[in-house]
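Secondary and tertiary structure notes
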Amino acid sequence: MLKQATRPHDAAPAPATAALWAYFRGEFVPLADANVSVMTHGFNYGTAVFEGIRAYWNPDEEQLFALELLAHYRRMRASAALLMMEVPQSPEELANVTVELLRRDGLREDVYIRPIIYKSSETIGVRLHNLDADITIFGVPFGQYIDTEGGIRAQVSTWRRVD
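Note that the structure is predicted; figures quoted are calculated from it, not measured. (Residues numbered from 1 in each chain as written. Predicted model: local features only at pLDDT ≥ 70, side-chain atom pairs only at ≥ 80, totals over all residues. Heavy atoms only, no water.)

1. Describing the environment of Leu83
Our working definition: Strands are runs of DSSP state E lasting at least 2 residues, helices are runs of H or I lasting at least 4, and numbering of each runs from the N terminus. Here, two residues are considered to be in contact whenever any of their heavy atoms come within 4.5 Å of each other.
In this structure, Leu83 sits in the loop between helix H2 (69–82) and helix H3 (91–105). Taking the C-alpha atoms as reference, Leu83 lies 9.9 Å from Ala133; in sequence the two are 50 residues apart. Filtering out sequence-adjacent residues up to four positions away, Leu83 remains in contact with Thr47, Ala48, Val49, Lys119 and Leu128.

2. Structural notes on the side chain of Ser120
Within the secondary structure, Ser120 sits in the loop between strand E6 (111–119) and strand E7 (133–141). Excluding residues that lie within four positions of it along the chain, Ser120 makes contacts with Thr40, Asp132, Ala133 and Asp134.

3. Description of the packing of aromatic side chains
Quick reminder of the rule: Note on aromatic pairs: the rings of Phe, Tyr and Trp (six-membered ring only in Trp) are paired at centre separations within 6.5 Å, and the planes decide the class, stacked below 30 degrees, edge-to-face beyond 60, tilted for the rest. Exposure is judged per residue with a 1.4 Å probe applied to protein chains only, and the accessible area is read against the type maximum: over 50% gives exposed, under 20% gives buried, and values in between give partly exposed. In this scheme, the term charge over a ring applies when either NZ of a lysine or CZ of an arginine sits within 6 Å of the ring centre and within 35 degrees of the ring normal.
Following the criterion strictly, the structure yields 2 aromatic pairs and no others. Note on Tyr112 and Phe142: the rings are 5.1 Å apart at their centroids and 40 degrees apart in plane angle, and the pair reads as tilted. One end of the pair, Tyr112, is in strand E6; the other, Phe142, is in the segment after E7, and 30 residues separate them in sequence. What makes Tyr112 buried here is its relative accessible area of 19%. Its end group placed over the ring of Trp21, Arg104 keeps NZ or CZ at 5.5 Å from the ring centre.

4. Observations regarding the pairing of strand E4 (residues 53–58)
Regular strands have side chains that alternate between both faces of the sheet. Note the threshold: Two strands form a pair only when DSSP identifies at least two bridges running between them.
Pairing analysis gives 3 bridges linking E4 to E6, with the strands arranged antiparallel. Across the sheet, Ile53 pairs through a bridge with Ile113, a residue of E6. Two successive antiparallel strands, E4 and strand E5 (residues 63–66), enclose a turn made up of 4 residues, where Glu62 displays a positive phi of approximately 45 degrees.

5. Structural notes on the nonpolar core
Put simply, the test is: Here, nonpolar core refers to any group of buried Ala, Val, Leu, Ile, Met, Phe, Trp, Tyr and Cys residues whose side-chain atoms link them within 4.5 Å.
Formed by 31 residues in total, the largest nonpolar core has its most connected members in Tyr73, Val111, Ile113, Ile117 and Ile137. Broken down by secondary-structure element, the contributors of at least two residues to this core are strand E1 (21–24), E4, H2, H3, E6 and E7. When neighbours within four sequence positions are excluded, Ile117 is seen to be in contact with Thr47, Ala48, Val49, Met76, Ala80, Met85, Val87, Asp134 and Ile135.

Spelled out as structure tokens, the structure:
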């Protein structure tokens, strides 16, 4: 006999993200309310692009500094265009949205910012045309990503991005 596993459906958000905000469908909403349907094209087919942006808390200046917002949003819009997604906001407007989002969150620690542009139509079918696109942006507290105390190793890749 096959039995369905159960889990609580109304689990409370994790304490670290319970009071955070997201920019979702053109407005600021509590992060816990920024949800997409399982029918969303981007969820079903991976028709989305994202960036990972770091913001660092400076305790001496009591200021959060986001790195290269305009460069991230320019690159992201170019990537979205490859999937036939138009973003109505300019890179400058998206940077302003991000700054407002961080202000609302009020975090006094390092933050990871995740903007995602995705095909938001709720439909089944492999295609890129005649589908809506949307953007969501959220940030979460994010400490040290890798241990740099002992040094890191890096190399140059021979792969070249096609622009």
